[in-house]
Amino acid sequence: MAMHHKDLVGIETLSPEEITLILDTAEKMAEVSHRPLKKVPALRGKLVVNLFFENSTRTRSSFEIAEKRLSADTLNFSASASSLSKGESLVDTVLNLERMQPDAYVMRHSSPGACQLIRPFTKAVLVNAGDGAHEHPTQALLDALTIRQKKGGFRGLKVLIAGDIAHSRVVRSNVFLLKKMGADVTLCGPATLLPPHLDSLGVKVTTDFDRALDGQDVVMMLRIQLERQKKGLFPSLLEYYKYYGLTEERLRRADREVIVMHPGPINRGVEIASEVADGPYSVILDQVENGVSVRMAILYLLLGGGDDETSHS
Amino acid sequence: MKRKRIFDGAGIQRSLGRLALEIAERLQGCQDVVLIGIHRRGVPLARRLAALIQKAEGVALPVGSLDINLYRDDFSSAGTAPVLRGTQVDFSLEGKTVVLVDDVLFTGRTVRAALDALVDLGRPARVQLAVLVDRGHRELPIQADYVGLSLSTRREDHVELRLKETDGEDALYLEGPEPKTPRDRKPR
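Residues numbered from 1 in each chain as written. Chains lettered and ligands numbered in written order. Predicted model: local features only at pLDDT ≥ 70, side-chain atom pairs only at ≥ 80, totals over all residues.

Let's talk about the confidence of the model for chain A
In regions of low pLDDT, the predicted coordinates are not meant to be interpreted in detail. Mean pLDDT over chain A works out to 92, with 95% of the residues at or above the 70 mark. In the predicted structure, residues 307–312 of chain A sits below a pLDDT of 50 and forms 11 contacts with residues beyond four places in sequence or in another chain. (pLDDT = per-residue confidence, 0-100. Contact = placed C-beta atoms within 7 Å.)

Pasting the structure below:
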């Protein structure tokens, strides 16, 4: 079994076998992070360029730590400090970087499809770290690793994703992944934050959060971006909390063994109550830890080409 | 291609029994000795050796497993990343005698990688190497301390150890091309 793709642009094109390979590899990578000496030489001499055209602390640090644990050389390229602020185009930036012989790009961009745009201009491996509202594959993979660790598998698992469905790349990647792995997915949010045609993804859609919670094994809350309120998509944060905030009382409707997830950063008292975020069902910080393992796995699988086992004893 | 069975299950077990006695004899009393198997087949072999040593000496040696794939020296060549099996060493190596266990010693590159992997986990007092088969053709200055069977092979032969734990049977095979006649030789 191996990865059949050069790049990781989205979950949509991955097979269930590839997803399982990534999760299995991530599981083994976790051990490296718990050693006193947290580094292995697997990607020694490889150059990974982190191209972050949109702010991201968590994802970028997580990738950077993963790169360093595998001994890759890293170059951090952020939009504000780069030639992009001088008007250079994305493609020109890549054409210039290309001559510095990078082995991989990890890219975050506000435009959906940004990865596909630069793909023809590079020989290096491309890892999507979030492109607009399109996909955020490593987030879905770290979510999946967390779910698998806590629930043992995906088949028949009831998963509710709730909040700002319309603006979330996390939702799209998670829906693709969970459906491929056989989970039963429901999406929930206020009508103004639910895009049309969601049912074509093969998921249930509802605006009734209380009912949607009934019997769920996994409840994944999404971050409400506070600027959405200014656009009039919901009247007030307090009202949002009243109808769509995950409180302890509401959570009782879910399965007794439910796990609560959130891609972070959380807004306490908006989409999630503090008692829930810090409570016994919360696996939010496990997600953060798994993020490093999953990103190590991706970089290893896409960059760590070697001969097969038998030629090497 | 010709495939020849060198050992059956009894042969493998006999060889392991001798290895276990040799280890116990050389490392008198087996104080502060740990066994670490190299994935994949070194791991079940290390477990079997530990069981044999316990039977003979009454000492239960800790057994760990080592995945060397993150320490290989052939990463730049094209191909797919080898499947990780994971490293599990749940005990300290500080001041210990580590006996690395592998199935077949060939070029020595796996052992080179295993030594790198091992020193990242701690600082053992000494490291020794036990292999079931030494088939020669070393590419690095590496030798085993304990050898079950020295097998004379050609470089292009394939030595395959199969174990119940990983492959469903215990057997050692030697596979190689028939002796070449001038007509079979392909132009380079």
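More follows now that the structure is in view.
Observations regarding the pairing of strand S6 (residues 184–188) of chain A
Residues and elements named next belong to chain A. As paired elements, strand S5 (residues 158–162) and S6 share 5 bridges and run parallel to each other. Among the inter-strand pairings, Lys-158 is bridged to a residue of S6, identified as Asp-184. One ladder, built from 3 bridges, connects S6 with strand S7 (residues 204–206); its direction is parallel. Residue pairing in the sheet places Cys-188 in a bridge with Thr-206 of S7. (Pairing = 2+ DSSP bridges. Helix = DSSP H or I, 4+ residues; strand = E, 2+ residues; numbered from the N terminus.)

Describing the domain arrangement of chain A
Residue and element names in this part refer to chain A. Per the domain assignment, the segments making up chain A are domain 1 (16–135 + 290–302) and domain 2 (137–288). When each unit is reduced to the centre of its C-alpha atoms, the spacing between domain 1 and domain 2 is 26 Å. With 19 residues of domain 1 in contact, the opposing surface of domain 2 contributes 20 residues. Elements represented by at least two residues in the side of domain 1 that touches domain 2 include exactly helix H1 (16–33), strand S4 (125–131) and helix H12 (284–303). (Domains from an automatic or database assignment.)

Focus: the sheet that holds S7 of chain A
Note on sheets: strands pair through backbone hydrogen bonds, and any given pair is parallel or antiparallel. Residue and element names in this part refer to chain A. Taken in spatial order, the 5 strands make up an open sheet running S7-S6-S5-S8-S9, and their pairing is parallel. Unpaired on one side and paired on the other, S7 and strand S9 (259–261) mark the two borders of the sheet. Pairwise comparison of adjacent strand axes, ignoring direction, gives a mean angle of 20° for this sheet. Strands S5, S6 and strand S8 (218–221) of the sheet are contacted by helix H6 (residues 169–180), whose axis makes an angle of about 160° with S6. (Axes fitted to C-alpha atoms, helices over the stretch in contact; angles between N-to-C directions.)

Some remarks on the packing of H1 of chain A against H12 of chain A
Residues and elements named next belong to chain A. Close contact between H1 and H12 brings their axes to 7 Å; oriented N to C, the two are set at 115°. The two elements H1 and H12 cross, and the hand of that crossing is right-handed. Facing Ile-22, Thr-25, Ala-26, Met-29, Ala-30 and Ser-33 of H1, the residues of H12 in contact are Asn-290, Val-292, Ser-293, Val-294, Met-296, Ala-297, Ile-298, Tyr-300 and Leu-301. Here the contact of H1 with H12 is built from residues that sort into 11 nonpolar, 4 polar and no charged. (Left-handed = near helix turned anticlockwise from the far one by under 90°. Nonpolar A, V, L, I, M, F, W, Y, C, P; charged D, E, K, R; others polar.)

Observations concerning the sheet that holds strand S6 (residues 146–150) of chain B
Residues and elements named next belong to chain B. Taken in spatial order, the 5 strands make up an open sheet running S3-S2-S4-S5-S6, and their pairing is parallel. Each edge of the open sheet is held by one strand with a lone partner, namely strand S3 (63–66) and S6. Between one strand axis and the next, the sheet turns by 25° as a mean value, whatever way the strands run. Here 5 bridges tie strand S2 (residues 33–38) to strand S4 (residues 97–105), and the two strands are oriented parallel to one another. Within S4, the residue paired with Gly-37 across the bridge is Val-101. Relative to the sheet, helix H1 (residues 9–26) contacts S4, strand S5 (126–134) and S6, its axis offset from that of S6 by approximately 155°. This element, helix H3 (residues 109–121), spans S2, S3, S4 and S5 of the sheet and lies at about 155° to S4.

Brief notes about H1 of chain B
All names here are of chain B. Its 18 residues place the ends of H1 26 Å apart at the C-alpha level, agreeing with the 26 Å of an ideal helix rising 1.5 Å per residue. All of the buried residues along H1 are Ile-12, Leu-16, Leu-19, Ala-20 and Ile-23. Seen end-on, H1 carries its buried residues on one side only, within an arc spanning 105°. The outward face of H1, more than 90 degrees from its buried face, is lined by the exposed residues Ala-10, Arg-14 and Glu-25. (Expected span 1.5 Å × (residues − 1). Buried ≥ 20, exposed ≤ 12 C-beta atoms within 10 Å, placed from the backbone. Arc of directions from axis to C-beta.)

Some words on the environment of Lys-158 of chain A
Residues and elements named next belong to chain A. The topology assignment puts Lys-158 in strand S5. A count of 17 C-beta atoms within 10 Å places Lys-158 in the partly exposed class. With 116 residues separating them in the primary sequence, Lys-158 and Ser-274 have C-alpha atoms 24 Å apart. Not counting residues up to four positions away in its chain, the partners in contact with Lys-158 are Asp-184, Gly-215, Gln-216 and Asp-217.

Looking at unusual backbone geometry
With omega at -5°, the peptide bond leading from Gly-264 of chain A into Pro-265 of chain A counts as cis. Looking at the secondary structure, you find Pro-265 of chain A in the loop between S9 and helix H11 (274–277). Residue Arg-40 of chain B follows His-39 of chain B across a cis peptide bond; omega there is 10°. Phi at Ser-71 of chain A takes a positive value of approximately 70°, unusual for a residue other than glycine. Relative to the assigned elements, Ser-71 of chain A resides in the loop between helix H2 (58–69) and strand S2 (73–78).

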